[in-house]
Structures are given as structure tokens and as C-alpha cells.
Amino acid sequence: MNNSINNIDILCVGEVLVDFIGHQESVLLDETRDYHRYLGGSPTNVAMNATRLGLNTTLVATIGNDGFGSYILKKLSSVGINTDHVNVIENKSTSVIFVSRSDGTPDFIPYREADCCIYEEQISEQILCQTKIYHTTCFALSKKPAQETILRKAQQAFNLGCQLSIDVNYAKKLWSSREEALQVIKTYCSYNPLIKISEDDMLRLFEKELPHEDIFNFFHNEGVDIVCLTLGSKGVKLSQKGKGIIQMPAIKIEKVMDATGAGDAFWSGFLFAYIKEKTMVECLVIALKLAALKLQNVGRLPDNINILSQLL
């Protein structure tokens, strides 16, 4: 870790979006009649959750100068996220995504404009010197210029002693090719990030069902020490290079209200515990608790609860 003051716990770099989540349960988009508006984007969810856990988070993202953009800024500010590095641009509209409401992996259609316009001047070396964890997603890396910016700054962050992190939430429809995605993921892996993957993501990325051991080995061979594989209702497996595997069951829930953002809640809990220098087992316990809390609520984590008291 670098010696200067690390007063940014997590620097989340990537997409901020408006999610329109279907109101009708367990139907695909062609059957969905009504949508409710939520703040979305995986790095944004992590920034929101982490801030509510008492961490100091900064979001680097881009929005359009429009109604959805101002909605996003209001929402971010209401939680206390530093938005100094959220760029507002004139010539592109804020990105939106329509998502079906489901208890499994949701169906979605992205309308992307502003979110991928992330430029180097949004992430100064000074910011990186203050950062403990530099976090991004596969979604954010799927389109230029954000892709080039995030990779260049990831290398710089790594050289400055930051811990990197990524949610490998690969979806074919976001990338021009799978080969490009693999190349970009491998480049990011060379900086030894903490990795969060799900079975669904891996099925899409490798286009076949691989044994968990093969998935872990793929990432370890690319230079990654810690790989966390979420298994939905079956819990989680974490592989540490040279140290074997920790497996834990999911927390039982009566009724899943909405699965959107559960992975982000899980990872927010994990990073929170990691920053607090907890053991890997403790990191997973806190991560699973936060994911369970999210699954019981539509949209993001509810405002009216003290999340920390539920976790520790």
C-alpha cells in the first residue's frame, strides 16, 4: 500500500445508469408492461453500498446533461458519494437499461451513450495516490474510450500500490467480440485484482460449463491471487492461489424480491470487510449477509435500515 494518505477507500470507475426494472414478476421484457426507475450500474451500486457502510467512496463516471443525469446526481449526493469526478457531457444522453424482474439472471436491453465516455483527466495521479481499492467492471471495459482509460489508469494504480478489483460481469451483447473481452480481462488480471465472478458470467465468457477448478486456474494463471465465484442460491467459493478453496452456503431467504444488484451487494460487503482487514472467511460472511439483505428488496438496499448493524 502506498505511503500517502489513503483517504479514498474505494474508487469506483465505470458505468452509472438509470435502470428501468420491470414491475411484473418472472416475465421477460416482451411481457413486461410497467417499469420502475432506479439508479443503476454495477460500480455505482458498489459505491452506494460502500458509502452506506461508512466507507469513503468516489465515483468516476459520465452522464448526459439531461433529466436522467440530474436524477443520478441527486441520488448520489443524497448518499454522500463524492461526485467531483462524474463528468456531465452535452452531446450524449445518459445511458439507460431496461431490466426484467426475476429471481435469476435478468434479461436486459442497454441503451448506451454517455456511460462509456470516461477520459483520463477524470482520474488524476493524485486521486490514485489516495486510493486503497480501484474497482471496475467488465461492463465498463466493454466500450471505448472508457476501456482504454480504465486499463491505463489500472496500470498506474497498480504501480502506485493500489489494490485493484473487478466484477467480471461479462455479457456478449455489450462487446464487439468475445476475443476482445478475453484480451481486456487478461490485461486487467495482470495487475492482480480481487476478482468477483458468477457462474452465469463464466458460462457466457467461456461459452461452456467449466469445472470450478478450471475457472479458478484460468484467473490464477493470468496473475490473480484471490478469485471469488458466486453460485447464486448455492452460496460462494473463494480460491486463493496456493492456499486452496473456501466454500460457504448462501443465507436462506423466504422470498427473493429482486436479484438485480445482489452481486454488487455481495461484492460491496466483501470489499468493505477486506478494507477492514478481516480474514477471507469473515469477508465472505459479511458479503453473503449483504447479498441476502439485497435479495429481499426491489432496487437498491433500503434507506430505512442501518446496514452495518445487520452485518457485524
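Residues numbered from 1 in each chain as written. Predicted model: local features only at pLDDT ≥ 70, side-chain atom pairs only at ≥ 80, totals over all residues. Heavy atoms only, no water.

This brings us to the pattern of salt bridges. This model, assessed by the stated rule, comprises eight salt bridges. Across the pair Arg-112 and Asp-115 runs a salt bridge whose closest N-O atoms are separated by 2.9 Å. The exposure classification of Arg-112 matches that of Asp-115, with both residues buried. Here Arg-178 ties to Glu-207 by a salt bridge, and the two come within 4.0 Å at their closest N and O atoms. (Salt bridge = Lys/Arg side-chain N within 4 Å of Asp/Glu carboxyl O. Buried < 20%, exposed > 50% of the residue type's maximum accessible area, 1.4 Å probe, protein only.)

A few words on the sheet that holds strand S7 (residues 108–111). Taken in spatial order, the four strands of this open sheet run S3-S2-S6-S7, and their pairing is mixed. At either end of the open sheet lies a strand with only one pairing partner, and these are strand S3 (35–40) and S7. Going from strand to strand, the sheet's axes swing by 20° on average, the running direction of each strand aside. In terms of strand pairing, strand S2 (residues 17–25) meets S3 through six bridges, oriented antiparallel. If you follow Gly-22 over to S3, its bridge partner there is Tyr-35. In this fold helix H2 (residues 67–79) packs onto S2, S3 and strand S6 (96–101), with an angle of close to 60° to the strand it touches most, S3. (Pairing = 2+ DSSP bridges. Helix = DSSP H or I, 4+ residues; strand = E, 2+ residues; numbered from the N terminus. Axes fitted to C-alpha atoms, helices over the stretch in contact; angles between N-to-C directions. Contact = heavy atoms within 4.5 Å.)

Formed by 53 residues in total, the largest nonpolar core has its most connected members in Leu-11, Tyr-134, Val-168, Tyr-188, Ile-195, Ile-197 and Phe-219. Ignoring sequence-local partners within four residues, the contact set of Leu-11 consists of Thr-58, Val-60, Ile-123, Ile-127, Leu-128, Thr-131, Ile-133, Tyr-134 and His-135. The next biggest cluster of nonpolar side chains, apart from the first, holds 46 residues, and it includes Ile-63, Val-86, Leu-290 and Leu-293. (Core = buried A, V, L, I, M, F, W, Y, C linked by side-chain atoms within 4.5 Å.)

The next subject is the sheet that holds strand S9 (residues 163–167). Working definition: the strands of a sheet are paired by backbone hydrogen bonds and lie parallel or antiparallel to each other. Spatially, the nine strands line up as an open sheet ordered S5-S4-S1-S8-S9-S10-S11-S12-S13, and their pairing is mixed. Each edge of the open sheet is held by one strand with a lone partner, namely strand S5 (86–89) and strand S13 (244–248). Within the sheet, the average angular offset between the axes of one strand and its neighbour, ignoring direction, is 15°. As judged from the four bridges shared by strand S10 (residues 194–198) and strand S11 (residues 226–230), these two strands associate in the parallel manner. By the bridge assignment for S11, Ile-197 is matched with Leu-229. Across the sheet, helix H7 (residues 199–206) is in contact with S9, S10 and S11; its angle to S10 comes to roughly 85°.

Right, let's talk about helix H5 (residues 146–159) for a bit. The end-to-end C-alpha distance of H5, which contains 14 residues, comes to 20 Å, matching closely the 20 Å that a straight helix rising 1.5 Å per residue would cover. Those residues of H5 lying buried are Ala-146, Gln-147, Thr-149, Ile-150, Leu-151, Lys-153, Ala-154 and Ala-157. Close packing links the buried residues of H5 with strand S1 (8–13), helix H3 (125–129), strand S8 (131–137), helix H4 (138–141), S9 and helix H6 (178–189). Just beyond H5, the residue with positive phi is Gly-161, at close to 95°. (Expected span 1.5 Å × (residues − 1).)

Taking burial as the measure, the six residues of S6 include five buried ones, the bulk of the element. Here five bridges tie S2 to S6, and the two strands are oriented parallel to one another. By the bridge assignment, Asp-19 is partnered in S6 with Ile-97.

Now for the pairing of S13. Pairing of strand S12 (residues 236–240) with S13, which is carried by five bridges, proceeds in the antiparallel orientation. Within the sheet, the bridge partner assigned to Val-236 lies in S13 and is Met-248. The turn linking S12 back onto S13 is made up of three residues, and Gly-242 within it adopts a positive phi angle of 75°.

We now examine the environment of Tyr-119. Note that Tyr-119 resides in the loop between S7 and H3. Given the relative accessible area of 34%, Tyr-119 is considered partly exposed. Considered as a pair, Tyr-119 and Val-60 are 59 residues apart in the sequence and their alpha carbons are 9.5 Å apart. Those residues in contact with Tyr-119, other than ones at most four positions away along the chain, are Asn-87, Pro-145 and Thr-149.

This paragraph deals with the packing of H5 against H6. Axis separation between H5 and H6 bottoms out at 10 Å; the angle between their running directions is 20°. Compared by their axis directions, H5 and H6 come out roughly parallel. Handedness of the H5/H6 crossing: left-handed. Residues Gln-147, Ile-150, Leu-151 and Ala-154 of H5 form the contact with H6, whose own contacting residues are Glu-180, Val-184, Thr-187 and Tyr-188. Residues belonging to the contact of H5 with H6 are distributed by class as follows: five nonpolar, two polar and one charged. (Parallel < 35°, antiparallel > 145°, perpendicular 65-115°, else oblique. Left-handed = near helix turned anticlockwise from the far one by under 90°. Nonpolar A, V, L, I, M, F, W, Y, C, P; charged D, E, K, R; others polar.)

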